[in-house]
Structure formats: C-alpha cells, structure tokens
Amino acid sequence: MSKSKKTEPGYQQITRRRFVQLSTATTAILMGEAAFPRTSWSADRNILRIRLYSDILNLDPAFIKSKNEDIVNGCTQNKLIAFKPGNKWEWGLQAAEYMKQVSPTRIEFKLKEGIMFSGGFGEMTTEDVKYSYERIADPKTKSPYVSDWSLMEKIEIIDKYKGAIVLSKPFAPLWMTSLPGSSGTIVSKKAMMSVGEKFTTAPPTFSGPYMIKEWKAKQVTVLVQNPAWTGPKPEFKEIQFYPIDDEKTAEIGFEAGDLDFTRISVSSYEMFKTNPVENSNVVNKPSLYYSWLGINAENPVTKDIRVRKAVQMAVDINDVLEAAYFGMAKPATGIIPPGLIGHREKTINPPKANPAGAKKLLAEAGYPDGLDLTLDCLNKTTIITQAQVIQSSLAEAGIRLKVNVHESGQFWVLGSEKEMKEKVKNIQLITNRFSSQPDPYWYTMWFVTEQVGVWNWERFSNAEFDKLHAEAAIEVDPAKRDKMYQRMQDLMEESGCYRFITHESAPTIYRNSIIPAMDPEGVPIVRHFKKA
Amino acid sequence: MTYYLIKRLGVAAITVVLAVSLLYGMIHAVPGDPLSVILGPRATPEMKAELNKRMGLDKPFVIQLGTFFVNVLQGDLGIDVFSEKSVSEIFFGQLPFTVSLIFLAIGWSALLGIPLGCYSAVRRNTLIDKLTGVFSVGTIAIPSFVVALYSLLIFAVWLKWLPAIGAGKEGDFMDRLSHLLLPSFAVGLGWVGYLARLVRASMLEVLGENHIRTARAFGLKESTIVLGYALRLAILPTVALLGVGIGNMLSGAVFAEIVFARPGVGKLIYDSVITRNYPLVMGSVIMTTILFVLFTTVADLISAFLDPRIRENL
C-alpha cells in the first residue's frame, strides 16, 4: 500500500520522520541565533549610527527634499560658512578663509587653499562657488530654493580662490540662511558637468571629511572617510544613517542598542530623564517650529473681529501645552522663536484663558448664547490633542467646537484657493504648524497678502505688515530688524487671526560614548561628532 | 489540467486589470495636491505646471489610465518623482525584504499551526485540545502590532537577543535572519491560530469519512491514517488559505515594516500614498496586485492538482 502511494502523481507523503526533521532544523536555526546573540550588530566605537526621520531622496543642493539631505551633505560637502554647534545661532568659516561684507550689496570671500574634490575633480575654486550659487538662482534650473539667491546679481571671480557675492539689493537673511543653509553647499562644476548637471542619491564627488560608500533605499546610508579630505582626520571610520520616521520605533532602536543618536518624542523625554537608558544622555532643545491656532478673517462667522478675539481669549495655552506636550514646551509669544531676531518677550493676550472676557465679546458680536464653530486639523496625535483641549477651552466660553481631522495630503490643500476655490472661506479655525530657517524673514513670508489663499489660510491681510516684511528683508541693522519683526507679530495678533501656541521642543538622546554636535534646535552637525 | 490552467490565468489577468483600474481611480479621488506635497511650499507656479505635465496629470483620467497600462505592457512602470529612479528598480529593490518576511512568517506559522490543528483533531475534547483552542483564539485575537511592540520590548530591549530595527547587513545571512525573526514572529503569530483552527475542523470532517473508517478496519496504524490519508484531504482548504494569506500579508506587512523600521513594499506604498507619489504608488500597486493574484492562482492550481474535483468546477 505504501509503495502504491509513492508512485501516485502529486502525492507527497508527510511522515513523522520528515516532520521531526523539519521541526528540528527550524529549532536549530532559532536556537543557534539565540545562542550567539548580537554578534553581528555589536557596537563598534568607530561606527556612528544616527537616525534620520526619513530616507534621503535627493542630495543635489538645488533640489534637496528635507533636512536629512542637508545633514548628510554636511558631512560630505562644504559651504563657505556653516552653523556652529551650540545653543546660539552663529556661523563659522568652513570652506572660506574669510568673508567680508564690504558694502550692503557686496560680500567678498577667499576660499581655503587645498580643498579637494574626490574622484579626481580637482581643487575647489571660485569657479565652483560661482557655478553652485548661480545654478540655484537660475530660473532654468527650476530649483525650489531659487528665492535663497533671488537677490544675487552674480558671483564675481577675482582669482582662483577669491570672489565676491554681488547682490542687486541688500538681503539680510543671506548670512543666516542662504549661505550656511543647504543652498550654500558648493558643488564641483567639473563633476556636475560629467553627470549632465543632474544627480539624486549618488553625488559624483565629495569635498567633505566623509564620502558616501553606499545608499540602500529605505535601509541605510553609509559614509566612510574621504581619502581626498586634507583637513583634520575625522573621528569615525564609518557613519550609518538609518531612516526611521516613527519616533517610538527610533526610541526602541536606541534602547536596544541599534542607534547612537536620535531625536525622541516629547512625550518620552520625561521617561528617559527619570528612567535613563544605561550610558546615555538626554538633552532638550528649543525647536524652530511654530504652531498656532488660525482664525479665518473672511469666513462669514469669524470675519467679525470680536468673534476672532473671543476665540483668542478663550483658548488656554497652558492647558494645551500640558496635554499635548506633557508640559515640555513653552507658550509661544509669536511666530519667531527665542534666539532669533524679532522674537517678542510676551504676547498681547496672556497664555491663560479669559472665558468671561470671551463671552462678553461674543455677546457684543450678537452671540449671547454662544456659537458653533469648526476646527480643521491634521491627524497627528499631538495636533489632535491640541484640538481637543482647544475644544474644551472654547466650551467654557460657550463656543461649541466641531473638530475635523484630516489626513496630510488632504489637510495641506485646505486653504489653497487653487485646489479648494471658494471653499477656502469655509475654514473657521485651523491648527497649523510650520518649520523654518533661523532668520525671521522665512517666518513672516507666509503671512503677507500675496500668500492669501496659498499658505496664508487665515486670509490675514495688512498693508503695514506687507511693507515691513519687504523693508526688513533689506535692512541690515539687526536692532532695526528686531523691532520691525516684533511689530509685525503685534499686527498679526491684533488682527485676531492668530493664537500662538508653541515652538515645541526637540529632545534628543545619545550614548555617552560620543560627544555630539548639534545646532541650537538639536539637528546633528555630524562632521563635528567626537568619541567621548 | 492545461484547460484549467488557461482559464485560471485568464481570470487572473482580468482581476489584475480591474483591480488596478479601481485603485487608480481611488488614488486620484483622494483629495490633496500632489504637486505641493512633492515640490514643497516654495515651488513656483511654473515648477508646478512643469511637474504636472511630466506626471501626465494634465491629461484626462482615462488617457492617464490607458497610458499607464500601455507603459506597463512595455515593461515601464514609470519614474519616481522624488528620486527620479525607475519605479521597477525601486520596487524590486524592496520586494525581497517583504517576500522573505512573508515566507518566514507563513512558514513558521504553518509549521506550528498545522501540527497543532492536527493534534487537536486527533485528541479531540482532551485538555490539550481545549488548551490549543484557547491558544489559537488568543493568537488570532491579539493584534499584530501589540505582538510586535511586546516582542520588541522583550527580545530587543530587555533581553537584547535580537536587533530592533532595520533589515541587517547585505551579504550577512545570519544578520539578515536575526533581523527577520521578530517581524516574522509578529506577522505570523495570528496565522498559527487560524491554521490550527482550520486544520482541526477539516481533520475532524475527514476523520469521520467512510474511507478513514475503512482504513481503520484494515488495521492501519493511526499515524499512517492521520498523516497519510486524512491530512492530505484536510490540508486542501489550508493550501487555498495560505495563498490568500500570502497575498494579504503583502499589504499587512506594512505595520511590521513601520514598527521594525524595515524596508519593504508595504512601507514603500504607504510612504508613496502619503506623499502623493503617483508613479510609485501605481507601479507598486500593480506589482503587488499581480503578486497577490499569482499567489492565489498558484494556491488554486495546487489545490486543483491535489483534488481533481476542483479542476472540474471552474
């Protein structure tokens, strides 16, 4: 009987012996792994493992997609000047030997001699600086960062190492954004020509202390020391960047020993502080983000400034921060965070709610029994929590709030006239959150009249604000700029369109086997990382 | 069998075209401006217009769909708008991670679930059968992400036996395997219960049939009856379920890929949808649809191969 079974087509006998063999083999694999744990991923002091919040997509400085690319480029390329690690926004010389502002529209520089591009692309010269910056400024390049260099007339070549940035008008943000930011990265003209002036994740050459060894999509970006680098020898033999978008996953990865440096969630900061992971440190830095509650000036209900002011008064910012940020974030006094020109010391409306005042204003506006409003927000836990606390705050003032939660693709067009047409005026309240660069120009630019229906979803329009924004961009006296930007935030608040929430915070955890280098908002400047 | 094969492949092709057309429509119906998401807030209207044209979004929906299918037939899945790499290169770069995860998950769950179900059926109404029942229902009921989080905490954070994130080093088999164990455990645990319950029910049905009684009357050993006769028939629904299961896991793997920060097709599609990266979404969706249909078709063919009655019923 057994013989006939074996000859029957398609028959595969499952015998007890075969079953035992298979089970034993599987168990052996599992046991083998358990018996030799962590042999292949043990910590190596020469390897630095850092988390990025997303994968790198395009390292071309004209087209970078996120801060992550700038973090990687910071290791592999050079700028004339770069941000210094520390708690103050300051720049220091990088590829430049000196930088001189000889007039409001002329900056002269000299490159350090001997900065080499890998792959035989020669020494960095003024020609490379000219090519790099003018390429971004050229509308034909279609770089989203064209505005970083929009007021640049040309780069003048004086000699191989000396040059001058010539501006058509003074441009104050140049020193804190265009030059030390991603648009200030110098690429090799010769190398760019060799790849048809186009690359994404495989740069043709490197001038920094590290170079890219490999990029595995959604897995890892590995940097090794650049043999063409003539500066001080880098500390680490290898740097591994892991793209992990979920902060909780990154935290577990750190606890498991798979990472050396990662941003953590605000909600976990206290836990890591009180229950520290062995051999690690936690720091909390203020971030450049700003979040606010926007109130539409053109909605039929909220166009009444008394209604808008009532909403401003009714929201308790302290409660919002306690619930959404676990008390880790401070109330914002405007859109410009502490440490930057234009930061205000306090708001016109205090953070604490004034429900009685709000009720009075609503009664004056014709709503003695309160009113119904809607709030649109993004489907992120922190933002939904913000919305829920706002809902509860407003209820005390008699405002019945309906919260509409949106997925990101849907949310980011809510105020766009191009997409939503007249529906943009249906927005009543909206919680929003932007990030920016360390110059106030990039904070106020989204709230000018020109941006109404683009990114100015509150449809706030004020002639004085627009004028100040234009003037402050070309004002080079920091004290005067400071006053101008403070006034602009006063105007925003007085309009009733904004209730500023917070600049959040940026907690970070790292192993004490390393000495990290971070900019004032906790973004790693990896080329300056050292072994402890 | 050849006729059955041709009919089954025809049905598979129609399924792929319908599913992809439906998904194409659904993705385009989701509100959101892909151009703003892709280019960022500082993009000029000219840049947006240029990208709109490059992505073919300026054309009517039917033309877009038609062009997509024509390109797919020519082996062109499109170009990723962010990295400007070919979608097929990106997709096939991620596929091995998902396939290895799925096969290990389904493999270990089948290795455990089928014998458990078998044993339960043979020892019906005993304490072990009842315990197996509770275990099976328990594993089905626990959400996979809970299993993932707790397994991470226990095996990666506390015991530090296994790595928490990533997929391991290329070319290092043991490293790759160690990075697969926890995700495959999390993805596969629920399937142990499913398979055990399914095999138990099938086995009980088959064990009560006449030919099994006859085999017993002939005095065959119980192990021969169970493993040689009963299981062969009882396994048929399981084979079909495994086919669908592998297909389902293609999409279900996304949570494991997020929690364990692993590369893979699920995460790729999720990220692409969020960023409205239409070429990558469509290229990946058509490939996963083809794989899903392929797995279910193979499962059907195996079932038909094992059971001639199925061949006659299509």
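Below you will find a few notes about this structure. Within each chain, residues carry numbers counting from 1 in the order of the written sequence. Throughout, the order in which chains and ligands are written sets their labels, letters from A for the former and numbers from 1 for the latter. Only residues with pLDDT of at least 70 are given local features in this predicted model, and only at 80 or more are side-chain atom pairs given and counted; all residues enter the totals for whole chains, interfaces and linings. Only hydrogens and water are set aside; all other atoms, that is, all heavy atoms of the structure, feed into the side-chain values.

## What to know about the overall build of chain A
Under the DSSP-based scheme used, a helix requires at least four consecutive residues in state H or I and a strand at least two consecutive residues in state E, with every element numbered from the N terminus. If you tally the helices and strands in chain A, you get 16 helices and 22 strands. Reported as C-alpha extents along the three principal axes, the dimensions of chain A are approximately 95 × 75 × 50 Å. Using a 1.4 Å probe on the protein chains alone, a residue whose accessible area is under 20% of its type maximum counts as buried, one over 50% counts as exposed, and one in between counts as partly exposed. When each of the 532 residues of chain A is scored for burial, the buried share is 55%. Here, two residues are considered to be in contact whenever any of their heavy atoms come within 4.5 Å of each other. Once local pairs closer than 6 in sequence are excluded, the contacts in chain A between residues at least 24 apart make up 68%. Every accessible area reported is derived by Shrake-Rupley at a probe size of 1.4 Å, with residue values counting cover from the shown protein chains alone. Of the accessible surface of chain A, which amounts to about 22400 Å², a share of 54% is contributed by carbon and sulfur atoms. Counting 68 positive and 63 negative side-chain charges, chain A places the centres of these two groups 5 Å from one another. Think of it this way: Lys and Arg go in the positive column, Asp and Glu in the negative one, and His and the chain ends go nowhere. Charged side chains are reduced to one point each, which is NZ for Lys, CZ for Arg, CG for Asp and CD for Glu.

## Quick word on the environment of V16 of chain B
Residues and elements named next belong to chain B. Following the sequence through the fold, V16 ends up in helix α1 (residues 2–29). Look at V16 and you get buried, because its relative accessible area is 12%. C-alpha of V16 to C-alpha of S178: the two residues are 162 residues apart in sequence and 35 Å apart in space. If sequence neighbours within four positions are ignored, V16 has contacts with I286, T289, I290 and V293.

## Quick notes on the sheet that holds strand β16 (residues 371–378) of chain A
Residue and element names in this part refer to chain A. The pairing criterion for strands is at least two bridges between them, as found by DSSP. Here five strands make up an open sheet; going across it, the order is β17-β16-β18-β15-β19 and the pairing mixed. The two strands at the open ends of the sheet, each matched to only one other strand, are β17 (399–406) and β19 (498–502). Pairwise comparison of adjacent strand axes, ignoring direction, gives a mean angle of 25° for this sheet. For β16 and β17, the ladder comprises eight bridges, and the chain directions are parallel. Residue pairing across strands places L378 opposite H406, the latter belonging to β17. Where helix α8 (residues 305–314) meets the sheet, its contacts fall on β15 (290–295), β16, β17, β18 (429–434) and β19, and the angle it forms with β15 comes to roughly 140°. For helices, the axis comes from a line fit to the C-alpha atoms of the stretch in contact; other axes are also lines fit to C-alpha atoms, and the angle between any two N-to-C directions lies between 0 and 180 degrees.

## Let's talk about the side chain of S280 of chain A
Its place among the elements puts S280 of chain A in strand β14 (residues 280–286). Within the structure, S280 of chain A has its side chain in polar contact with the backbone oxygen of V277 of chain A (distance 2.6 Å). Side-chain atoms alone can form a polar contact between residues adjacent in sequence; in general such a contact is a pair of N or O atoms within 3.5 Å, and within protein one must be able to donate a hydrogen while the other accepts it.

## Points about the nonpolar core
Side chains that are nonpolar tend, in soluble globular proteins, to be buried together. In this text, buried Ala, Val, Leu, Ile, Met, Phe, Trp, Tyr and Cys residues form a nonpolar core when linked through side-chain atoms within 4.5 Å. In this structure, L80, I165, L179 and F447 of chain A together with M203 of chain B are the most contacted members of the largest nonpolar core, which totals 208 residues. Broken down by element, this core gets its largest block of residues, 16 residues, from helix α10 (residues 222–259) of chain B. Those residues in contact with I165 of chain A that lie beyond four places of it in its chain are L80, T105, R106, I107, F109, W149, M152, K154, I155 and L179 of chain A. Grouped together as the second largest cluster of nonpolar side chains are 28 residues, L52, Y131, M192 and F199 of chain A included.

## Focus on the pairing of strand β7 (residues 152–157) of chain A
All names here are of chain A. Pairing of β7 with strand β8 (residues 162–167), which is carried by five bridges, proceeds in the antiparallel orientation. The residue of β8 that forms the bridge with I157 is G163. Where β7 hands over to β8, the hairpin turn is made up of four residues, counted between the paired strands.

## Some remarks on unusual backbone geometry
All names here are of chain A. Although it is not a glycine, K218 adopts a positive phi angle of roughly 60°. Look at F326: it is not a glycine, yet its phi comes out positive at around 55°. Locating F326 in the fold gives a position in the loop between α9 (317–325) and α10 (355–364). F326 sits in the partly exposed class, given a relative accessible area of 48%.

## Brief notes about the sheet that holds strand β6 (residues 106–111) of chain A
Each strand in a sheet pairs with its neighbour through backbone hydrogen bonds, running either in the same direction (parallel) or in the opposite one (antiparallel). Residue and element names in this part refer to chain A. Pairing within the open sheet is antiparallel, and its four strands lie in the order β5-β6-β8-β7. Two strands close off the open sheet at either side, each with one partner strand: β5 (96–103) and β7. Averaged over all pairs of adjacent strands, the angle between their axes in this sheet comes to 20°, without regard to strand direction. As judged from the six bridges shared by β5 and β6, these two strands associate in the antiparallel manner.

## A word on the pattern of salt bridges
For this document, the term salt bridge refers to a Lys or Arg side-chain nitrogen within 4 Å of an Asp or Glu carboxyl oxygen. Inspection of every chain in the model, using the stated rule, returns 32 salt bridges over all chains. Here D129 of chain B makes a salt bridge to R200 of chain B, at a shortest N to O gap of 2.8 Å. You can see D129 of chain B sitting in helix α6 (residues 127–141) and its partner R200 of chain B sitting in helix α8 (residues 173–207), a full 71 residues away along the chain. Neither residue differs from the other here; D129 of chain B and R200 of chain B are each classed as buried. Look at the salt bridges and you will find they share partners, linking E298, E417, E422, K425 and R459 of chain A into a network.

## Quick word on the packing of helix α6 (residues 247–255) of chain A against helix α7 (residues 266–274) of chain A
All names here are of chain A. With their axes 11 Å apart at the nearest point, α6 and α7 run at an angle of 25° to one another. Comparing their axes, α7 and α6 come out roughly parallel. Between α6 and α7 lies a crossing whose hand is right-handed. Along the contact surface, α6 presents K248, E251 and E255, while α7 presents S267, S268 and F272. Ten residue types, Ala, Val, Leu, Ile, Met, Phe, Trp, Tyr, Cys and Pro, are classed as nonpolar, four, Asp, Glu, Lys and Arg, as charged, and the remainder, Gly among them, as polar. Residues belonging to the contact of α6 with α7 are distributed by class as follows: one nonpolar, two polar and three charged. For classification purposes, angles smaller than 35 degrees are called roughly parallel, those larger than 145 roughly antiparallel, those between 65 and 115 roughly perpendicular, and all remaining angles oblique. Left-handed is the label given to a crossing in which the near helix is rotated counterclockwise from the far helix by less than a right angle, and right-handed is the label when the rotation is clockwise.

## Some details on a nonpolar patch on the surface
There is a patch of nonpolar side chains on the surface, built from F145, L149, Y150, I154, W158, L159 and W161 of chain B and spanning about 740 Å² of accessible area. Mapped onto the elements, W161 of chain B comes out in the loop between α7 (144–158) and α8. Excluding any residue in a salt bridge, patches collect residues exceeding 30% relative accessible area, merging like charges within 9 Å and nonpolar Val, Leu, Ile, Met, Phe, Trp and Tyr side chains within 5 Å.

## Some words on the packing of aromatic side chains
Residues and elements named next belong to chain A. Any two rings among Phe, Tyr and Trp, with Trp reduced to its six-membered ring, count as a pair given centres within 6.5 Å; such a pair is stacked if its planes are under 30 degrees apart, edge-to-face if over 60, and tilted if neither. Under the defined criterion, the tally for this structure stands at 30 aromatic pairs over all chains. A centroid spacing of 5.5 Å and a plane angle of 85° characterise the contact between F171 and Y441, whose relative ring orientation is edge-to-face. Residue F171 is located in the loop between β8 and β9 (185–186), and its partner Y441 is located in helix α14 (residues 441–444); the two are separated by 270 residues in the primary sequence. No difference in accessibility class separates F171 from Y441, as the two residues are buried. Taken together, a centroid distance of 6.1 Å and an interplanar angle of 55° make the contact between W412 and W457 tilted. Taken as a pair, W412 in the loop between α12 (408–411) and α13 (417–420) and W457 in the loop between α14 and α15 (463–474) lie far apart in primary sequence, 45 residues in all. Judged by relative accessible area, W412 falls into the partly exposed class, the value being 25%.

## Re α8 of chain B
Expected helix span is computed as 1.5 Å times (number of residues minus one). Counted at 1.5 Å a residue, the expected span for α8 of chain B with its 35 residues is 51 Å, but the 42 Å between its end C-alpha atoms falls short. Axes are fitted to the seven residues ending at a residue and to the seven starting at it; the angle between these axes is taken as the bend at that residue. At G188 of chain B, α8 of chain B is bent by approximately 40°, the largest bend along its length.

## A look at the pairing of β18 of chain A
All names here are of chain A. The buried count for β18 comes to five of six residues, which makes it a mostly enclosed element. Judged from the six bridges that link them, β15 and β18 form a sheet pairing that is antiparallel. The residue bridging S291 from the neighbouring strand is R433, located in β18. Alignment of β16 against β18, held across two bridges, turns out to be parallel. Looking across to β18, one finds that L375 is bridged to L429.

## Re the side chain of K79 of chain A
Residues and elements named next belong to chain A. Here K79 shows up in strand β2 (residues 78–79). Within polar-contact distance, the side chain of K79 engages the backbone oxygen of G181 at 3.5 Å. Excluding residues that lie within four positions of it along the chain, K79 makes contacts with D70, Q94, A95, A96, L179, P180, G181, S182, G184, T185 and I186.

## Brief notes about the state of the cysteines
In a disulfide, the sulfur atoms of two cysteines are covalently bonded to one another. Any two cysteine sulfur atoms within 2.5 Å of one another count as a disulfide. On inspection of all chains with the given rule, the structure shows zero disulfides over all chains. The thiol sulfur of C377 of chain A is not disulfide-bonded, and the nearest other cysteine sulfur, from C497 of chain A, lies at 19 Å.

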